[in-house]
Amino acid sequence: MEMNATREEIERWDREIVWHAFTQMAEYEPFLIDRAHGCTLVDSDGREYLDGVSSLWCNIHGHRHPRLDEALRRQLDQVAHVTSLGMSHPVTVSLAKRLVDIAPPGLNHVFFSSDGSSAVEVALKMVFQYWRQRGDPRPGKTKYVALGDAYHGDTLGSVSVGGVTRFHEMFQPLLFDVIRLPAPQCYRLPAGVTRETACDYYLGQLERTLEANHEEIAALVIEPLVQAAAGMITHPEGYLRGVRELTQRYDVLLIADEVAVGFGRTGTMFACEQEDVAPDLLCLGKGLTGGYLPMAATLATDEIWGAFLGDYSESRTFFHGHTYGGNPLAAAVASASLDVFQEESTLGNMRDKVERLSSHLERIGQLAHVGDVRQRGLIAGIELVQDTRTKHPYAWTEKRGIRVCEHARKEGVWLRPLGNVVVIMPPLAITSSELDIICLAAERGILRT
Ligand SMILES: *Cc1c(COP(=O)(O)O)cnc(C)c1O
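The sections below set out a description of the structure shown in this document. As the structure is a prediction and not an experimental result, all values here were calculated from the model.

1. As for the packing of aromatic side chains
Aromatic ring pairs: the centre-centre distance and the angle between the two ring planes describe each pair. For the coordinates displayed, the defined rule picks out nine aromatic pairs. Considering the side-chain rings of Tyr-144 and Phe-176, the 5.7 Å spacing of their centres and the 40 degrees angle between planes classify their relative orientation as tilted. Pair noted here: Tyr-144 is in strand β5 (residues 143-147) and Phe-176 is in the loop between α7 (165-168) and β6 (179-181), with a separation of 32 residues, a long-range link. Tyr-144 sits in the buried class, given a relative accessible area of 5%. Among the aromatic residues, those joined into a cluster by ring pairs are Phe-22, Tyr-151 and Phe-167. Over the face of the ring belonging to Trp-131 we find Lys-141, whose NZ or CZ atom lies 4.8 Å from the ring centre. Directly above the aromatic system of Tyr-394 lies the positively charged group of Arg-400, at a separation of 4.1 Å from the ring centroid.

Here is the structure:
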């Protein structure tokens, strides 16, 4: 019956049965994507849209990439799923080894899960258990430091470290307390702070916090370089490096959540590389499978891994797991994605496109209601404000960002905003001319709203 459903039925079920993520279902208008090729999505009417936000930040090499498709098909002929509870599949094992090889130094162990929220949840729990079980236990270290406007996922642990008021406030009674520092942003700087002094200012705040509370702090969790869901907030240069030095000095573990910025987004394979930082835990998701299948990973150091080893009866085991963690289909396509990075020189070929995006942003930055343009690699956020002088924001109820994106859609470009921030975050495989089309559509959308 379902096979022969009419278009009308599908749309009605999509409105009435499917509960969409981050979507007001009372207003939802079905938008059905039938298929895709390269960086283009095709809807049920055959209309084409450039995928301007990488199908929510995860697509890297484009859709239906022959190498990735082939890897999946080949894996299907082997086995679709093998649990990671006490057994393994060679493809998953090889992927773990490859991740260790490309990750910042010292991250020699990989725990697989199925989504970015879980990757963060795993890191939070590992850290907690680590301080209780290590050779010189510090069970008093139970708190986390997190940044304002941070987004680490939607499970309760990751929401606890998250700081996006509009998403997270309602759940406050369910969350654990964290030590919150303001987001180290450069647009709305506190009085007396300039772009030049911002890095020292924010690191000074962190240092005072660590100095006063390090005895009870287990870890600091950060989205390196760019706080994505916060509105593509870019940190001052040197901030991440400083965070690493301070956390080391005060014996606090560093959890780098690269779910959004990992896999080439910022111009290097991992954002941490840009400031020569090796975290204690690294969370990966979104781009891990090139945008094909749900898979995430938490990488950890020997020091952390070691604290979980022992006799079975000691119960040092990490009692945590996800049914599909390390799924071989996902691992096969993730591994193929790493091959494509090499074969197509994905990172090398990005440079021209990053520059091209910069020149578009420079022009867009001059428009009447554009308060700030922020970019790191192929991540861009264009912040619309009521008044560029006072930086006064539009009320979120005005749907400024949404209206810009609605215009872009009419021009065949699919974008999804973050409040008043128009996001441009295309697959790394985007061509320069496709990038032009995306930026011009966003620009005309801004001019018209
Ligand atoms: C998207 C995101 C997550 C959550 O990942 P899901 O796969 O949606 O659970 C966590 N951290 C960051 C930085 C993200 O951008």
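2. Structural notes on the sheet that holds strand β3 (residues 48-51)
Read from one edge of the open sheet, four strands run β1-β2-β3-β16, paired in mixed fashion. At either margin of the open sheet sits one strand with a lone partner, and together these are β1 (33-37) and β16 (413-414).

3. What about the side chain of Glu-275?
Tracing the backbone shows Glu-275 in the loop between β10 (253-257) and β11 (281-284). Every residue in contact with Glu-275, bar those within four places of it in the chain, is listed here: Leu-225, Pro-236, Glu-237, Gly-238, Tyr-239, Leu-240 and Arg-241.

4. What about the sheet that holds strand β12 (residues 296-301)?
The seven strands are arranged β4-β12-β11-β10-β7-β5-β6 in an open sheet whose pairing can be described as mixed. Strands with a single pairing partner mark the edges of an open sheet, and in this sheet they are β4 (107-113) and β6. The average angle at which neighbouring strand axes cross in this sheet is 20 degrees, direction not considered. Two elements, β5 and strand β7 (residues 217-222), share three bridges in a ladder whose sense is parallel. Each bridged residue has a counterpart across the sheet, and for Val-145 the counterpart in β7 is Leu-220. Across the sheet, helix α8 (residues 198-213) lies against β5, β6 and β7, angled at about 165 degrees from β6, the strand it touches most. Most of the contacts of helix α9 (residues 239-249) go to β7, to which it runs at about 170 degrees, and overall it touches β5, β7 and β10.

5. Details of helix α5 (residues 116-133)
Because the α-helix completes a turn every 3.6 residues, residues three or four places apart line up on one side. Under the 1.5 Å per step criterion, the end-to-end length of α5 is 26 Å for 18 residues, consistent within 8% with the ideal 26 Å. Counted residue by residue, α5 has 15 buried out of 18 residues, so it is predominantly covered. Sitting at the amino-terminal end of α5 is Asp-115, which places a side-chain oxygen 3.2 Å from the backbone nitrogen of Ser-117.

6. Observations concerning the environment of Glu-27
Looking at where Glu-27 falls in the secondary structure, it is placed in the loop between α1 (7-16) and β1. Each C-alpha atom of the pair Glu-27 and Thr-289 lies 32 Å from the other, and the pair is 262 residues apart in sequence.

7. As for a nonpolar patch on the surface
On the surface, Leu-156, Met-170, Phe-171 and Leu-174 cluster together to form a nonpolar patch covering roughly 440 Å² of accessible area. Looking at where Leu-156 falls in the secondary structure, it is placed in helix α6 (residues 156-161). For Leu-156, a relative accessible area of 42% puts it in the partly exposed group.

Calculation criteria
Residues numbered from 1 in each chain as written. Predicted model: local features only at pLDDT ≥ 70, side-chain atom pairs only at ≥ 80, totals over all residues. Heavy atoms only, no water. Phe/Tyr/Trp six-rings, centres within 6.5 Å; stacked < 30°, edge-to-face > 60°. Helix = DSSP H or I, 4+ residues; strand = E, 2+ residues; numbered from the N terminus. Buried < 20%, exposed > 50% of the residue type's maximum accessible area, 1.4 Å probe, protein only. Lys NZ or Arg CZ within 6 Å of the ring centre and 35° of its normal. Pairing = 2+ DSSP bridges. Contact = heavy atoms within 4.5 Å. Axes fitted to C-alpha atoms, helices over the stretch in contact; angles between N-to-C directions. Expected span 1.5 Å × (residues − 1). Polar contact = N/O pair within 3.5 Å; in protein donor to acceptor, adjacent residues only side chain to side chain. Patch = residues over 30% accessible without salt bridge, like charges linked within 9 Å, V, L, I, M, F, W, Y side chains within 5 Å. Areas by Shrake-Rupley, 256 points an atom, 1.4 Å probe, with all protein chains shown as cover. Salt bridge = Lys/Arg side-chain N within 4 Å of Asp/Glu carboxyl O.

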